[in-house]
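In case you want the letters, here they are:
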Amino acid sequence: MDQLSFHWMGYMVGVLPLLLGWILDRLLGDPAWLPHPVVGFGKAISYLEHRLNVGSGRKLKGTIVAVFLVLAVFVVVWVALTLLSPFPVIKVVVETIGVFFCLAGTTLSREVRMVFKACGEGIAAARRQIARIVGRDTGSLDEQEIKTAALETLAENLSDGVIAPMFWYLLLGLPGMMAYKMVNTLDSMIGYKNDRYKDFGCFAAKMDDVANYIPARITSLLMIISAGRLSLLKFVRKYGRCHASPNSGWPEAAMAGILNCRFGGTHDYFGEAVYKPYIGSNPKLLTNSDLRTALSVCLRAEILMLLLCLLFSALKVV
């Protein structure tokens, strides 16, 4: 085998899991019957949090827990793949399954569709459905607030659930991708500023901010490219900073600009009112047409990111 053929075989082994894993996600989503590693991540976080988030030194203990869990995931996956190196076919299969578990685009799209469908069945059904995908209190949301929350979540999680995992796969392979999922799971479980988590989850939240800083901005750019709306760059720069998170505002601003709508406002979290600056200025009523546009933009952004990953991986080989 000549050197060029060897390099391209290595390239195919490297990118096939990402391509196949993405295809599996588009076909299957997250089947309820299939054990998911993120569930295991959550159990590990919960176990340590309940035992260590007490007494004094909570910031230090939370930092140690976050660093330990992220490094543990990275090392375990890296060792497993190293041991599988003599068996390239098995390694590709294992990596493909790992990538499949790390991507959440299809499941999120389905959930958002179900929210809009539930809105046609009554406000109670819609509130129950939106509660599956948002952290805010949903008991008093009206139909417009429910649809807004669904599309905000769709935009934010395009970054967290698809673009960021691909970004970290491109940089650090499956170990980096899985480690990112642990970072994201830590933030979603303990990265809150309430009395219980403000100290213990402080480092986890900051770690998530760092891990998503570049992916969130890539996501917003991919979204406006996918919509053919580069004129929205100024809009995104203006409103992307209008969020308590340094990252979530960017994809949300892109979505608000594409749909010409308004996100943000005051919402209740754990019984406390939290004000979020408005992203956009048009308080229009959201419709099923907006949902279709949003889903189409997100899918095209996913495909663009996938193609970019394949391209950059090829450039590494050349």
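Criteria and thresholds
- Residues numbered from 1 in each chain as written.
- Predicted model: local features only at pLDDT ≥ 70, side-chain atom pairs only at ≥ 80, totals over all residues.
- Heavy atoms only, no water.
- Core = buried A, V, L, I, M, F, W, Y, C linked by side-chain atoms within 4.5 Å.
- Buried < 20%, exposed > 50% of the residue type's maximum accessible area, 1.4 Å probe, protein only.
- Helix = DSSP H or I, 4+ residues; strand = E, 2+ residues; numbered from the N terminus.
- Contact = heavy atoms within 4.5 Å.
- Axes fitted to C-alpha atoms, helices over the stretch in contact; angles between N-to-C directions.
- Parallel < 35°, antiparallel > 145°, perpendicular 65-115°, else oblique.
- Left-handed = near helix turned anticlockwise from the far one by under 90°.
- Nonpolar A, V, L, I, M, F, W, Y, C, P; charged D, E, K, R; others polar.
- 1 Å grid on protein atoms, 1.4 Å probe; cavity = no way out; pocket = protein on both sides within 12 Å on 5 of 7 lines; lining within 4 Å.
- Points joined across faces, edges and corners; volume = space filled by probe spheres on them.
- Patch = residues over 30% accessible without salt bridge, like charges linked within 9 Å, V, L, I, M, F, W, Y side chains within 5 Å.
- Areas by Shrake-Rupley, 256 points an atom, 1.4 Å probe, with all protein chains shown as cover.
- Salt bridge = Lys/Arg side-chain N within 4 Å of Asp/Glu carboxyl O.

Q: Help me understand the nonpolar core in this model?
A: Taken as a class, soluble globular proteins show a tendency for nonpolar side chains to be buried jointly. Core analysis: the largest hydrophobic core is formed by 83 residues, its most contacted members being L151 and L186. For this core, the leading source of residues is helix α7 (residues 143-190), giving 23 residues. Beyond its immediate stretch of four places on either side in the chain, L151 contacts V112, F116, M255, L259, F263, L286, L291 and A294.

Q: Got a minute to help me understand the packing of helix α3 (residues 58-83) against α7 in this structure?
A: For the pair α3 and α7, the least separation of the axes is 8 Å and the interaxial angle reads 155°. Considering the angle they form, α3 stands roughly antiparallel to α7. You can see that α3 and α7 cross each other, and the crossing is right-handed. Contact with α3, carried on its side by A66, L69, V70, V73, F74, V77, W78 and L81, involves L172, L174, P175, G176, M178, A179, M182, V183 and L186 of α7 and no other residues of that element. Residue composition of the contact of α3 with α7, grouped by class: 16 nonpolar, one polar and no charged.

Q: What is the right way to read empty space enclosed by the protein from this model?
A: It is the rolling of a water-molecule-sized probe over the atoms that shows where space remains empty. By the definition in use, this model includes two cavities of 30 Å³ or more. Among the secondary structure elements, those contributing two or more residues to the lining of the largest cavity are α5 (105-119), α7 and α11 (288-317). Residues belonging to the lining of the largest cavity are distributed by class as follows: four nonpolar, three polar and one charged. Here the second largest cavity defines a volume of roughly 30 Å³. Contributing to the lining of the second largest cavity are G29, D30, P31, L34, H36, F100 and F101. Of the residues assigned to the lining of the second largest cavity, the class counts are four nonpolar, two polar and one charged.

Q: Would you explain a nonpolar patch on the surface in this entry?
A: On the surface, a cluster of nonpolar side chains totalling about 340 Å² of accessible area is made up of L20, I23, L27 and L28. If you trace the backbone, L27 turns up in helix α1 (residues 3-28). A relative accessible area of 60% places L27 in the exposed class.

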